Amino acid sequence: MFSEINEWQGKWSRILFEFFIFMFIYTFGSAGATTLLTDANGNVRYGLLIDVVCIIYFALALWLFVRYRFTKFRYSIEGEMFKVYKVIGKSQRLLLNVEKDCIHKIELFESKDTLKEYGPLMNYCVIDKVSKKYVCALEYEGKKYRFVFQPTDNLLKLITDEA
(Lines give C-alpha, C1' and ligand atoms only; values in the text may rest on other atoms or scores of the structure.)
Protein backbone atom coordinates (compact mmCIF):
# COMPACT_ATOMS: atom_id res chain seq x y z
CA MET A 1 0.00 0.00 0.00
CA PHE A 2 1.30 3.45 -0.95
CA SER A 3 -0.28 6.71 0.15
CA GLU A 4 0.59 10.40 -0.09
CA ILE A 5 -1.13 13.66 0.77
CA ASN A 6 -1.10 16.64 -1.57
CA GLU A 7 -1.56 19.90 0.29
CA TRP A 8 -1.20 23.61 -0.33
CA GLN A 9 2.44 24.70 -0.05
CA GLY A 10 1.75 28.36 0.68
CA LYS A 11 2.81 30.51 3.57
CA TRP A 12 0.71 31.37 6.60
CA SER A 13 1.56 35.04 6.13
CA ARG A 14 -0.37 34.94 2.87
CA ILE A 15 -3.37 33.38 4.60
CA LEU A 16 -3.34 36.12 7.25
CA PHE A 17 -3.03 38.78 4.56
CA GLU A 18 -6.02 37.34 2.69
CA PHE A 19 -8.03 37.20 5.91
CA PHE A 20 -7.32 40.86 6.75
CA ILE A 21 -8.19 41.96 3.21
CA PHE A 22 -11.45 40.03 3.50
CA MET A 23 -12.24 41.62 6.87
CA PHE A 24 -11.43 45.09 5.49
CA ILE A 25 -13.82 44.62 2.56
CA TYR A 26 -16.48 43.12 4.82
CA THR A 27 -16.28 45.89 7.44
CA PHE A 28 -16.12 48.86 5.13
CA GLY A 29 -18.56 47.33 2.67
CA SER A 30 -21.26 46.93 5.31
CA ALA A 31 -20.48 50.36 6.81
CA GLY A 32 -20.59 51.96 3.37
CA ALA A 33 -23.88 50.30 2.50
CA THR A 34 -25.37 51.43 5.80
CA THR A 35 -24.20 55.01 5.18
CA LEU A 36 -25.59 55.05 1.65
CA LEU A 37 -28.96 53.69 2.72
CA THR A 38 -29.48 56.05 5.67
CA ASP A 39 -32.15 58.71 5.09
CA ALA A 40 -32.13 62.31 6.35
CA ASN A 41 -33.71 61.33 9.69
CA GLY A 42 -30.98 58.80 10.48
CA ASN A 43 -33.15 55.75 9.81
CA VAL A 44 -31.49 52.91 7.95
CA ARG A 45 -33.59 51.74 5.05
CA TYR A 46 -33.26 48.11 4.03
CA GLY A 47 -31.30 47.26 7.19
CA LEU A 48 -32.33 43.60 7.03
CA LEU A 49 -31.23 43.41 3.41
CA ILE A 50 -27.79 44.77 4.31
CA ASP A 51 -27.46 42.16 7.06
CA VAL A 52 -28.50 39.31 4.78
CA VAL A 53 -26.08 40.39 2.03
CA CYS A 54 -23.24 40.66 4.56
CA ILE A 55 -23.98 37.20 5.98
CA ILE A 56 -24.07 35.69 2.48
CA TYR A 57 -20.78 37.41 1.62
CA PHE A 58 -19.19 36.18 4.84
CA ALA A 59 -20.39 32.59 4.28
CA LEU A 60 -19.17 32.57 0.67
CA ALA A 61 -15.76 33.96 1.62
CA LEU A 62 -15.42 31.43 4.44
CA TRP A 63 -16.36 28.57 2.10
CA LEU A 64 -13.79 29.71 -0.50
CA PHE A 65 -11.15 30.10 2.20
CA VAL A 66 -11.70 26.56 3.51
CA ARG A 67 -12.00 25.07 0.00
CA TYR A 68 -8.77 26.50 -1.33
CA ARG A 69 -6.58 26.70 1.76
CA PHE A 70 -7.48 23.81 4.07
CA THR A 71 -8.43 21.09 1.59
CA LYS A 72 -5.94 18.32 0.90
CA PHE A 73 -6.08 15.39 -1.46
CA ARG A 74 -4.75 11.94 -0.59
CA TYR A 75 -3.74 9.60 -3.38
CA SER A 76 -3.24 5.95 -2.53
CA ILE A 77 -2.60 2.64 -4.19
CA GLU A 78 -4.03 -0.34 -2.36
CA GLY A 79 -3.35 -3.55 -4.21
CA GLU A 80 -4.61 -3.00 -7.75
CA MET A 81 -6.85 -0.04 -6.79
CA PHE A 82 -6.03 3.64 -7.24
CA LYS A 83 -7.94 5.86 -4.80
CA VAL A 84 -8.30 9.61 -4.39
CA TYR A 85 -9.62 11.09 -1.13
CA LYS A 86 -10.59 14.66 -0.32
CA VAL A 87 -9.33 15.53 3.18
CA ILE A 88 -10.61 18.46 5.23
CA GLY A 89 -9.33 18.36 8.79
CA LYS A 90 -9.77 14.79 10.03
CA SER A 91 -12.63 13.88 7.69
CA GLN A 92 -11.96 12.05 4.43
CA ARG A 93 -14.27 11.53 1.48
CA LEU A 94 -13.55 9.01 -1.24
CA LEU A 95 -13.70 10.71 -4.65
CA LEU A 96 -12.29 8.05 -6.93
CA ASN A 97 -11.80 4.30 -6.62
CA VAL A 98 -10.69 2.55 -9.80
CA GLU A 99 -8.48 -0.33 -10.82
CA LYS A 100 -5.11 0.67 -12.25
CA ASP A 101 -6.00 -1.23 -15.44
CA CYS A 102 -8.71 1.36 -16.18
CA ILE A 103 -6.11 4.14 -16.52
CA HIS A 104 -5.30 4.78 -20.20
CA LYS A 105 -2.99 7.81 -20.20
CA ILE A 106 -1.23 10.20 -17.87
CA GLU A 107 0.13 13.40 -19.38
CA LEU A 108 1.58 16.63 -18.06
CA PHE A 109 -1.20 19.20 -17.62
CA GLU A 110 -0.69 22.09 -20.03
CA SER A 111 -4.21 23.43 -20.51
CA LYS A 112 -7.82 22.43 -19.99
CA ASP A 113 -7.77 20.89 -23.47
CA THR A 114 -5.24 18.19 -22.52
CA LEU A 115 -6.80 14.78 -23.32
CA LYS A 116 -10.10 16.53 -24.06
CA GLU A 117 -11.52 13.44 -25.79
CA TYR A 118 -11.91 11.81 -22.37
CA GLY A 119 -14.75 14.04 -21.21
CA PRO A 120 -15.09 16.79 -18.62
CA LEU A 121 -12.13 17.73 -16.44
CA MET A 122 -12.31 17.06 -12.68
CA ASN A 123 -9.94 18.79 -10.28
CA TYR A 124 -8.33 16.57 -7.64
CA CYS A 125 -5.47 18.88 -6.66
CA VAL A 126 -4.86 22.01 -4.64
CA ILE A 127 -3.99 25.36 -6.14
CA ASP A 128 -0.22 25.32 -6.06
CA LYS A 129 2.06 26.94 -8.61
CA VAL A 130 5.10 24.95 -7.51
CA SER A 131 4.04 21.34 -8.13
CA LYS A 132 3.66 19.71 -11.52
CA LYS A 133 0.11 18.80 -12.43
CA TYR A 134 -0.85 15.79 -14.51
CA VAL A 135 -4.01 14.76 -16.33
CA CYS A 136 -5.10 11.18 -15.89
CA ALA A 137 -7.47 9.71 -18.49
CA LEU A 138 -9.39 6.57 -17.66
CA GLU A 139 -12.34 4.50 -18.74
CA TYR A 140 -14.65 3.10 -16.08
CA GLU A 141 -17.84 1.13 -16.75
CA GLY A 142 -17.89 2.24 -20.38
CA LYS A 143 -17.55 5.97 -19.62
CA LYS A 144 -14.46 8.10 -20.15
CA TYR A 145 -13.17 10.40 -17.40
CA ARG A 146 -10.20 12.67 -16.86
CA PHE A 147 -8.91 14.47 -13.81
CA VAL A 148 -6.04 16.73 -12.77
CA PHE A 149 -3.85 15.63 -9.88
CA GLN A 150 -0.40 16.31 -8.42
CA PRO A 151 1.43 13.03 -7.85
CA THR A 152 4.99 12.67 -6.67
CA ASP A 153 7.46 10.85 -8.88
CA ASN A 154 7.09 7.68 -6.77
CA LEU A 155 3.32 7.57 -7.21
CA LEU A 156 3.61 8.29 -10.91
CA LYS A 157 6.03 5.37 -11.30
CA LEU A 158 3.72 3.03 -9.37
CA ILE A 159 0.75 3.95 -11.55
CA THR A 160 2.49 3.92 -14.93
CA ASP A 161 4.62 0.78 -14.39
CA GLU A 162 1.59 -1.38 -13.83
CA ALA A 163 -1.06 0.51 -15.82
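Residues numbered from 1 in each chain as written. Predicted model: local features only at pLDDT ≥ 70, side-chain atom pairs only at ≥ 80, totals over all residues. Heavy atoms only, no water.

**Section: the pattern of salt bridges**
- Tallying each qualifying case throughout the model produces 1 salt bridge.
- Here E78 ties to K83 by a salt bridge, and the two come within 3.0 Å at their closest N and O atoms.
- E78 sits in the partly exposed class, given a relative accessible area of 27%.
- Its relative accessible area of 15% is what places K83 among the buried residues. (Salt bridge = Lys/Arg side-chain N within 4 Å of Asp/Glu carboxyl O. Buried < 20%, exposed > 50% of the residue type's maximum accessible area, 1.4 Å probe, protein only.)

**Structural notes on the nonpolar core**
- Among the nonpolar cores identified, the biggest contains 24 residues, and Y75, F82, L96, F147 and F149 are the most heavily contacted of them.
- Counting residues per element, the ones that place at least two in this core are β2 (71–78), β3 (81–88), β4 (91–99), β7 (134–140), β8 (143–149) and α3 (153–162).
- When sequence neighbours within four positions are dropped, the list of residues in contact with F147 reads F82, L96, L121, M122, Y124, Y134, V135, C136 and L138. (Core = buried A, V, L, I, M, F, W, Y, C linked by side-chain atoms within 4.5 Å. Helix = DSSP H or I, 4+ residues; strand = E, 2+ residues; numbered from the N terminus. Contact = heavy atoms within 4.5 Å.)

**Digging into the sheet that holds strand β5 (residues 103–108)**
- The 4 strands are arranged β5-β7-β8-β6 in an open sheet whose pairing can be described as mixed. The two strands at the open ends of the sheet, each matched to only one other strand, are β5 and β6 (121–123). Between one strand axis and the next, the sheet turns by 25 degrees as a mean value, whatever way the strands run.
- In this sheet, β8 lies alongside β7 in antiparallel orientation, the contact comprising 7 bridges. Within β8, the residue paired with V135 across the bridge is V148. (Pairing = 2+ DSSP bridges. Axes fitted to C-alpha atoms, helices over the stretch in contact; angles between N-to-C directions.)

**What about unusual backbone geometry?**
- For E141, which is not glycine, the phi dihedral falls at a positive 55 degrees.
- Its place among the elements puts E141 in the loop between β7 and β8.

**Examining the side chain of R74**
- Here R74 lies in strand β2.
- The side chain of R74 sits in the buried core without any salt bridge; E78 is the nearest counter-charge, 4.8 Å away.
- At 2.9 Å, the side chain of R74 and the side chain of Q92 are in polar contact.
- Excluding anything up to four places from it in sequence, R74 contacts S3, E4, I5, K83, V84, Y85, V87 and Q92. (Lys, Arg positive; Asp, Glu negative; His and termini not counted. Polar contact = N/O pair within 3.5 Å; in protein donor to acceptor, adjacent residues only side chain to side chain.)

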